[in-house]
Amino acid sequence: MALIQITEPGVAIDPHQRKRGAGVDLGTTHSLIAVVRGGSPVTLPDASDRHLLPSVVRYESEGITVGYAAVEAAREDPFNTIASAKRLLGRGLGDIADRKQLQNYQFTDESAGMVKLQTISGEISPVQISAEILRVLVLRGEEALAGRLDGIVITVPAYFDEAQRQATRDAAALADIPVLRLLNEPTAAAIAYGLESGDQGTIAIYDLGGGTFDISLLNLQKGVFEVLATAGDTSLGGDDFDESLARILLHKSGYEGELDAISRRTLLLDAKAIKEALSQCGRVDVELSLPAFSWSGVVSRSEFSQAIRPLIETSIKACRRALRDADLTESDVKQVVLVGGATRVPLVRQLVEAFFKRQPLSHLDPDKVVALGAAIQANVLVGNKPGEEMLLLDVLPLSLGLETMGSLVEKVIPRNSPIPVSRAQEFTTSRDGQTAMLIHVLQGERELVADCRSLARFELRGIPPMVAGAAKIQVVFQVDADGLLFVTAKELETQVKASIEVKPTYGLDEAEITSMLRASVTYAEQDVQARMLAEASVDAQRQIDAVTVALDKDGDKLLDRKTIHHLRKLVDELAGVIDQQNIDEIDNVNKRLGQASADFAAMRMDASVKEALSGRHFETVAES
Ligand code: ADP
Ligand code: MG
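All of these numbers come straight from a predicted model, not from anything done at the bench.

*Asks:* What should I look at first to understand the pattern of salt bridges in this one?
*Replies:* Opposite charge on two side chains lets them pair, provided their charged atoms get close. Tallying each qualifying case throughout the model produces 20 salt bridges. Its salt-bridge partner being Asp451, residue Arg446 comes within 3.1 Å of it at the nearest N-O pair. Each of the salt bridges in this network shares a partner with another, and the network as a whole consists of Arg344, Asp365, Asp367 and Lys368.

Below, the structure is given as structure tokens:
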């Protein structure tokens, strides 16, 4: 596959007028903005020189606070202070498996659609919360670049599905920020390290953040990053290290009573600070003074390491799983990249290095690397690098297709196709006189509708009535650079058209994607058999229906008795073999019926098309 170049239409570059582009890492725990300055990407600090913005938003009656100030407020105002909203983006209540999150907030009771949270400012959706974070960051970017941004690149996890990507885009739209594109986080990290210009091969991106762990295996081929596999743990991250350290502290202090809520929160914040210090030093002096108790003493790195080792081993297991899914071994991995603040913990580096048997790339700040890569992309996309408008392309995580007769899925765009991509396929009607068609869009790898995820349904109406198979319906699947899908169906004769922007209410989570991929491999054989039988039966039944209807309608007009009798006999015979579920026999009799009725069908088709066209105005026909 050749490198695909995309230029922004109409963007002629005046060398004196640089465009303002920025990359945003909209993280679960922290968010950042970065821009390219003097040829290098840099993250932008706030007025107090802090580069990371905690992804926490507090709603008050007088207004909204974002970041550090909101973190402080979480203690006294938990229900109005929302952290980790990213976990809720594009999700319904039923999709949220994380019980901690369910306990922390008051969700409004909605059976369909994305979750909403009850706050002092009313019902707030995760899209609004993300929009507030984006606003603060973009303001920072505008101050640094002295002007309105022309566009930003926002990063998303590789496993984010259509709904989650759409929700991310909606957040930017709500904040009135132009989005150049969404970029997969692991791809952004690889770009920050300049890996796209290196040799082709497999790259592992190990991302341990505050509350999530993701391992992504990317295959780099001629500038296109293909996601080979993703795995991870949506409830594993630096926060768990804080909990482990808090337990150590409690144990050492000898305190055995119950902890009140404020003591617990304070202990966790202290533990976090100590954990971060232990990444630099072998021992840390600690002074705790909580409402519940006070304690002073020393904590060593080795005590901490021992406590968190099982957690890190869980992440290594996920790495092994990802490799297995991609049918690779550790030695196939050419580069390992560390991402996420929690990879600063020395034992994490040590165990990752031991597993992959190579030293991971880590010289860029692991909590900034995603934003840096996004900034590089944004700078290219706004058009500041004429002649270098090459885009690194991501690929579609799961195949997209349509439901066809027999509850089968016809894949229109296969998984791992580089995006943006557009594919057209022609379909036809299955019944005589059919004037409407239900277009059912699905995502997944399996052959049967029931095993894939339903994304959207819409109807194409106004198809001129013709015999089955005469109408030509062109269905176009278009996936833009962000992985968002648009589907259009058009009847080619009349140009009647229906389209839909696919915005599913519920998305898939990473575990679902992984299990769907795995299932597609496991069930491949069984699926092929099921598909062949279903296809053969559908084909045969369609032919039975078509021939029967045609005989009833035009048989006497166009055929002699003997032919009619022969055709009816074949129809009965075919119905019989369908019942017996014998693929070969079905195909065989179906073929015979097809041959026997071919002339009849041609005669009818001529008559029908003439008839269908005769009733319409000249202009409509000429247009097509
Ligand atoms: P996310 O991608 O989830 O937004 P980050 O990549 O910002 O998260 O990682 C946040 C986590 O990294 C927190 O748990 C934080 O305590 C941890 N972290 C940051 N710096 C260090 C450090 N020096 N040592 C250990 N952990 C750190
Ligand atoms: Mg992150």
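*Asks:* Help me out: how do you make sense of the packing of aromatic side chains in this one?
*Replies:* Two numbers describe a pair of aromatic rings. These are the distance of the centres and the angle of the planes. Counted under the stated rule, the structure contains 4 aromatic pairs. When the ring of Tyr206 is compared with that of Phe213, the centres are 4.7 Å apart and the planes differ by 55°; the resulting orientation is tilted. Residue classification places Phe213 among the buried positions, given a relative accessible area of 0%. Seen in terms of ring centroids, Phe355 and Phe356 are 4.8 Å apart; in terms of plane orientation they differ by 80°. Their pairing is edge-to-face.

*Asks:* Is there a simple way to explain the pairing of strand 18 (residues 400-404) in this structure?
*Replies:* A regular strand places its side chains on the two faces of the sheet in alternate fashion. Bridge count between strand 18 and strand 19 (residues 408-413): 5 bridges; the pairing is antiparallel. Within strand 19, the residue paired with Leu400 across the bridge is Ile413. Counting the residues that bridge the hairpin from strand 18 to strand 19 gives 3 residues, and of these Gly406 lies at a positive phi of roughly 85°. Sheet topology places strand 18 next to strand 21 (residues 436-443); 3 bridges connect them, and they run antiparallel. Residue Gly401 lies in a different strand from strand 21, and its bridge partner there is Leu442.

*Asks:* Explain the sheet that holds strand 25 (residues 497-501) here, please?
*Replies:* Hydrogen bonds along the backbone pair up the strands of a sheet, which may run parallel or antiparallel. In spatial order, the strands read 20-23-24-25; together these 4 strands make up an open sheet with antiparallel pairing. Each edge of the sheet is formed by a strand with only one pairing partner; in this case those strands are strand 20 (421-427) and strand 25. The sheet shows a mean angle of 15° between the axes of neighbouring strands, direction not considered. Of the pairings in the sheet, the one linking strand 20 to strand 23 (residues 473-479) comprises 7 bridges and is antiparallel in character. Residue pairing in the sheet places Val421 in a bridge with Val479 of strand 23.

*Asks:* How do you make sense of the site of ligand 1 when you look at a structure like this?
*Replies:* Taken together, 18 residues are adjacent to ligand 1, and Thr29, His30, Lys275, Glu276 and Ser279 come closest. Note that an oxygen atom of ligand 1 is positioned 2.6 Å from one of the side-chain N or O atoms of Thr29. In the model, an oxygen atom of ligand 1 is placed 2.7 Å from a nitrogen or oxygen of the Glu276 side chain. Coverage of ligand 1 by the protein amounts to 92% of the 580 Å² it exposes when considered alone. Elements supplying a minimum of two residues to the shell around ligand 1: helix 6 (238-253) and helix 7 (261-278). Top contributing element to the shell around ligand 1 by residue count: helix 7, with 3 residues. Its residues assigned to classes, the shell around ligand 1 comprises 2 nonpolar, 10 polar and 6 charged.

*Asks:* Would you take a moment to explain the nonpolar core for this structure?
*Replies:* General note: in soluble globular proteins, nonpolar side chains tend to be found buried as a group. Membership of the largest hydrophobic core comes to 47 residues, with the highest contact counts inside it found for Tyr206, Ile215, Phe241, Leu249 and Phe356. Broken down by element, this core gets its largest block of residues, 8 residues, from helix 8 (residues 301-325). In contact with Phe241, not counting residues within four places along its chain, are Leu208, Lys275, Phe304, Ile308, Leu311, Ile312, Ala342, Val345 and Val348. Ranked by size, the runner-up nonpolar core spans 39 residues in total, among them Ile33, Phe107, Leu134 and Ala167.

*Asks:* How should I be thinking about the environment of Ser55 in this particular structure?
*Replies:* Topologically, Ser55 is positioned in the loop between strand 4 (53-54) and strand 5 (56-59). Owing to a relative accessible area of 2%, Ser55 belongs among the buried residues under this scheme. It is 9.1 Å that separates the C-alpha atoms of Ser55 and Ala70, two residues lying 15 residues apart in sequence. Sequence-distant contacts of Ser55, defined by excluding residues within four places in its chain, comprise Gly27, Thr28, Thr29, His30, Ser31, Ile82, Ala83, Ser84 and Ile133.

*Asks:* How do you make sense of the packing of helix 6 against helix 7 when you look at a structure like this?
*Replies:* Each packed pair of helices is defined by two parameters, the angle between the axes and the distance between the axes. One can describe the packing of helix 6 onto helix 7 by two numbers: an axis separation of 8 Å at closest approach and a directional angle of 105°. In terms of orientation, helix 6 lies roughly perpendicular with respect to helix 7. Across from Gly238, Asp239, Phe241, Asp242, Glu243, Leu245, Ala246, Leu249 and Leu250 in helix 6, the residues of helix 7 making contact are Arg264, Leu267, Leu268, Ala271, Lys272, Ile274, Lys275 and Leu278.

*Asks:* I'm lost on the sheet that holds strand 13 (residues 213-221) in this one. Help?
*Replies:* Pairing within the open sheet is mixed, and its 4 strands lie in the order 14-13-12-17. Pairing within the sheet leaves two strands with one partner each, and these edge strands are strand 14 (224-233) and strand 17 (333-339). Sheet twist, expressed as the average angle between the axes of neighbouring strands with direction ignored, equals 20°. Across 8 bridges, the pairing between strand 12 (residues 201-208) and strand 13 is antiparallel. Of the residues in strand 13, the one forming a bridge with Ile205 is Ser216.

*Asks:* Before we go on, may I ask you to explain the environment of Leu53 in this structure?
*Replies:* Mapped onto the secondary structure, Leu53 falls in strand 4. Judged by its relative accessible area of 4%, Leu53 is buried. Considering only alpha carbons, one finds Leu53 and Gly27, 26 residues apart in sequence, at a separation of 9.3 Å. Ignoring anything within four residues of it in the chain, the contact list for Leu53 reads Thr29, His30, Ser31, Val66, Gly67, Ile133, Val136, Leu137 and Arg140.

*Asks:* Sorry if this is basic, but what is going on with helix 13 (residues 561-579) here?
*Replies:* Three or four residues apart is the spacing at which side chains of an α-helix point the same way, because the helix has 3.6 residues per turn. Across its 19 residues, helix 13 extends 28 Å between first and last C-alpha, which sits within 8% of the 27 Å expected from 1.5 Å per residue. Within helix 13, the full set of buried residues consists of Ile564, Leu567, Leu570, Val571, Leu574, Val577 and Ile578. Looking straight down helix 13, one finds that the buried residues subtend no more than 150° of arc, so they occupy a single side. Seen from the buried face of helix 13, the exposed residues on the opposite side, beyond 90 degrees, are Arg561, Lys562, His565, Lys569, Asp572 and Asp579. Gln581 sits one or two residues past helix 13 and shows a positive phi near 55°.

The rules behind each value
- Residues numbered from 1 in each chain as written.
- Chains lettered and ligands numbered in written order.
- Predicted model: local features only at pLDDT ≥ 70, side-chain atom pairs only at ≥ 80, totals over all residues.
- Heavy atoms only, no water.
- Salt bridge = Lys/Arg side-chain N within 4 Å of Asp/Glu carboxyl O.
- Phe/Tyr/Trp six-rings, centres within 6.5 Å; stacked < 30°, edge-to-face > 60°.
- Buried < 20%, exposed > 50% of the residue type's maximum accessible area, 1.4 Å probe, protein only.
- Pairing = 2+ DSSP bridges.
- Helix = DSSP H or I, 4+ residues; strand = E, 2+ residues; numbered from the N terminus.
- Axes fitted to C-alpha atoms, helices over the stretch in contact; angles between N-to-C directions.
- Near = heavy atom within 4 Å.
- Polar contact = N/O pair within 3.5 Å; in protein donor to acceptor, adjacent residues only side chain to side chain.
- Areas by Shrake-Rupley, 256 points an atom, 1.4 Å probe, with all protein chains shown as cover.
- Nonpolar A, V, L, I, M, F, W, Y, C, P; charged D, E, K, R; others polar.
- Core = buried A, V, L, I, M, F, W, Y, C linked by side-chain atoms within 4.5 Å.
- Contact = heavy atoms within 4.5 Å.
- Parallel < 35°, antiparallel > 145°, perpendicular 65-115°, else oblique.
- Expected span 1.5 Å × (residues − 1).
- Arc of directions from axis to C-beta.

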